Amino acid sequence: MKKLVIASMMALAGTALVIAPTLRAQEANQQITIQNPAEFNAYQNAITQTDPAQKAAALESFLQAYPQSVVKKAVVNQLVDVYQQLNDQDKELSACSRLLQIDPNNMKAILYSVIIKKQQCLKTTDAQTCDDAAALAQKGLAAAKPADISDADWKTQTNVAYPIFDSTIGLDDALSKKDFKGAIDVYTKELMLYPPDATKSGQALVDTLNLAEAYAKPEARDEVKAVWFYARAWNFAPPAYKAQIEPKLEYWYKRYHGGLDGLDAVKTAAAQTLFPPAGFTIKPAPTPPEIVHNVLATTPDLTKLNLEDKEFILANGTPDDAQKLWSVLQNQITPVPGIVIDDPAAVLKVSVTVAGTVKPKEYVVKLNTPAACSAVPAPPSDLKVKEAQDYLQTNGASADVATIEGLSRARKILIEPAVPVIKVAVTQDAKDNKTADFIVNMKEPVSCKDAPAQGFELKLQPAEELDATYATYTPVKATATRAATAQIVLNGGFLQMEKKPAPVHRRVEHRRAR
């Protein structure tokens, strides 16, 4: 989705140019007289340059030589256009700032600044950058029509600018402030500004998808509207993005309705109009226990259910129905695809080779202070025996260190911080709330160099895969902001590393020389 947003924004930057000819024409009609002949000649020399880089240099030189010129506003205004032509966003933004110092409500300078800062917000997700873009957008929305601009020209400018301003404020609400209710209000206002056909592409289509995402957030959840706007975005998205939108559309529809029957009718209706018509409804699903009972009754092989459905049954089924599934799952191995929420280094893998022996002995020592792998003090090399002994005494649990045989006589001590437990968010709710619903106790602690980092997405082979055996589960009741879930504990976990494709070896034909 991010690529879709950024690509649309890059295209949108060009759209804003349609207001520039109007502004330049107005300035050309103003009667401004330069009294100083040298200043006049310098001005004429600058504005008549045909090479953009040379013109920018000449305009900057003019401003340095005549900082209080009567044509200063016109010169800075031209600088904005030239730097845009040169695709130099830093200098364009600087020129816009200078133009706003002269003319604080200059719509062109505000608009171009907002476009650039919004692009920066999308690329960096920096809160201050996003907030600055939104503040400028608010300024643009509040700007009064200048007296020397006709109503028709002002409408032309605001028709282009206002949707961009609203889109920028909505982005800041959602991305920086996490105010999804505010984002919904602003995106809705923005989308109402477009002609119907304009909502099928570009920024309007992107923000239709953003509106669906906002309605799916726990703080502002409205599943019916989320489904509608996902369906609307899906209808007009390019093929590559349909494949990204459709799983979310189906997830929220199935979650609310209980199945995918009727979804095609919603897609058809959403293609006809941007906003859902009055009275639009989706038949709600049966209650969670009813859904669970029906799934259990109609699924011949419960092991074939996906992991999210299994958790849903354990979280929402009656005790008897949940136990029916658990009796099938318990002690069975399963892959655990999802996002790693936490996997602190909590132990040290210690390999000790005692003087006079060849084969080392292996031990696991608890860390006194579990921490992220990157925060654990680096152990010494295996040949620095005294430093390794001191490291174990300082960082390892005393009771565990005491069980190491021959530590004082060791000739090599290899120490590796390791991860004994990996906590994973599997369901969409768990990912949204950044909480783990699956806790995997590893069969053997995984060295930090091999352990997946927090935020890493575990998948299925040939990608990196985590497997483990069902051990216990605990239902967790729903709250005001999240649905019922289950805390599932698995034992005997092990990682299957990503399988890289084998290199292609080409057969070389040797021909006998004649």
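No experiment lies behind these values; they were computed from the predicted model shown.

Reading the values: rules and limits
- Residues numbered from 1 in each chain as written.
- Predicted model: local features only at pLDDT ≥ 70, side-chain atom pairs only at ≥ 80, totals over all residues.
- Heavy atoms only, no water.
- Helix = DSSP H or I, 4+ residues; strand = E, 2+ residues; numbered from the N terminus.
- Rg over C-alpha atoms; globule rule 2.2 N^0.38 Å.
- Buried < 20%, exposed > 50% of the residue type's maximum accessible area, 1.4 Å probe, protein only.
- Contact = heavy atoms within 4.5 Å.
- Areas by Shrake-Rupley, 256 points an atom, 1.4 Å probe, with all protein chains shown as cover.
- Lys, Arg positive; Asp, Glu negative; His and termini not counted.
- Charge placed at Lys NZ, Arg CZ, Asp CG, Glu CD.
- Salt bridge = Lys/Arg side-chain N within 4 Å of Asp/Glu carboxyl O.
- Pairing = 2+ DSSP bridges.
- Axes fitted to C-alpha atoms, helices over the stretch in contact; angles between N-to-C directions.
- Left-handed = near helix turned anticlockwise from the far one by under 90°.
- Nonpolar A, V, L, I, M, F, W, Y, C, P; charged D, E, K, R; others polar.
- Disulfide = S-S within 2.5 Å.
- Phe/Tyr/Trp six-rings, centres within 6.5 Å; stacked < 30°, edge-to-face > 60°.
- Lys NZ or Arg CZ within 6 Å of the ring centre and 35° of its normal.
- Core = buried A, V, L, I, M, F, W, Y, C linked by side-chain atoms within 4.5 Å.
- pLDDT = per-residue confidence, 0-100.

This brings us to the overall build of the protein chain. The number of helices and strands found in the protein chain is 20 helices and nine strands. For the protein chain, whose C-alpha radius of gyration is 32 Å, the value lies well above the compact-globule estimate of 24 Å for 514 residues. Across its three principal directions, the C-alpha atoms of the protein chain cover 100 × 75 × 65 Å. By residue count, 44% of the 514 residues in the protein chain fall in the buried class. In the protein chain, the share of contacts with a sequence separation of at least 24, taken over all contacts with a separation of at least 6, comes to 66%. Summing over all exposed atoms, the protein chain offers an accessible surface of approximately 26,800 Å²; the carbon and sulfur share of this is 54%. Of the charged side chains in the protein chain, 57 are positive and 58 negative, and the gap between their average positions amounts to 6 Å.

The next subject is the pattern of salt bridges. Applying the stated criterion to the full structure yields 19 salt bridges. The salt bridge involving E60 is made with R98; its shortest N-O contact spans 2.9 Å. Of this pair, E60 sits in helix α4 (residues 52–65) while R98 sits in helix α6 (residues 89–102), and the two are 38 residues apart along the sequence. Assessed through its relative accessible area of 25%, R98 is described here as partly exposed. The residue D81 makes a salt bridge to K108 at a minimum N-O spacing of 2.7 Å.

Before going further, it helps to examine the pairing of strand β5 (residues 410–425). Pairing between strand β2 (residues 338–342) and β5: three bridges, direction antiparallel. Each bridged residue has a counterpart across the sheet, and for D342 the counterpart in β5 is K423. Of the pairings in the sheet, the one linking strand β3 (residues 345–354) to β5 comprises eight bridges and is antiparallel in character. Within the sheet, the bridge partner assigned to V354 lies in β5 and is A410. Two elements, β5 and strand β6 (residues 438–447), share six bridges in a ladder whose sense is antiparallel. Bridge pairing links I422 to V440 in β6.

What follows covers the packing of helix α8 (residues 127–142) against helix α9 (residues 151–176). α9 packs onto α8 with a crossing angle of 145 degrees between their chain directions and a minimal axis gap of 8 Å. Regarding α8 and α9, the two cross each other, and that crossing is left-handed. In this structure, α8 uses A127, C130, D131, A133, A134, A137, Q138, G140 and L141 to contact α9, whose residues at the interface are Y162, F165, D166, T168, I169, D172, L175 and S176. The residue makeup of the contact of α8 with α9, split by class, is ten nonpolar, four polar and three charged.

Taken as a whole and judged by the stated rule, the model has two disulfides. Sulfur-sulfur distance for the disulfide between C121 and C130 comes to 2.0 Å. Here the S-S torsion is close to 90 degrees, and the disulfide linking C121 with C130 is therefore right-handed. Residue C121 is classed as buried on the basis of its relative accessible area of 2%. Here C373 connects covalently by a disulfide to C448, the sulfurs 2.1 Å from one another. Because the sign of the S-S torsion sets the handedness, a value of about -80 degrees for the bond joining C373 and C448 places this disulfide among the left-handed ones.

The next point concerns the packing of aromatic side chains. Enumeration over the complete set of coordinates arrives at nine aromatic pairs. Relative to Y470, the ring of W326 has its centre 5.8 Å away and its plane inclined at 80 degrees; by these criteria the two rings are edge-to-face. Remark: Y470 occurs in strand β8 (residues 465–476) and W326 occurs in helix α17 (residues 319–329); sequence separation between them is 144 residues. We note that W326, like Y470, is buried. Through a chain of ring-to-ring contacts, the aromatic side chains of Y43, F62 and Y66 assemble into a single cluster. If you follow K242 out to its NZ or CZ, it ends over the ring of W234, 4.0 Å from the centre. Against the face of W234 rests K267, its NZ or CZ located 4.0 Å from the ring centre.

What follows concerns the nonpolar core. If you look at the biggest cluster of nonpolar residues, it comprises 40 residues, and the most contacted ones within it are L211, V227, Y230, I245 and L249. Taken together, the elements giving at least two residues each to this core come down to α7 (107–124), α9, α10 (180–191), α11 (202–215), α12 (223–236), α13 (239–257) and α14 (263–272). Among the elements that take part in this core, α12 stands out by supplying nine residues, more than any other. Excluding anything up to four places from it in sequence, L249 contacts V227, Y230, A231, W234, L263 and K267. Grouped together as the second largest cluster of nonpolar side chains are 39 residues, Y43, A56, L100 and A143 included.

The next thing to look at is the confidence of the model for the protein chain. Mean pLDDT over the protein chain works out to 90, with 91% of the residues at or above the 70 mark. In this model, residues 508–514 is a region of pLDDT below 50 whose contacts with residues beyond four sequence positions or in other chains number zero contacts.

As for its placement among the helices and strands, G202 is situated in helix α11. Taking the C-alpha atoms as reference points, G202 and A134, separated by 68 residues in sequence, lie 20 Å from one another.

This paragraph deals with the side chain of D343. Within the fold, D343 resides in the loop between β2 and β3. Buried and without a salt bridge, D343 has K423 as its closest oppositely charged side chain, separated by 10 Å. What D343 contacts, discounting residues up to four positions off in sequence, is V419, V421, I422, A451, P452, A453 and Q454.

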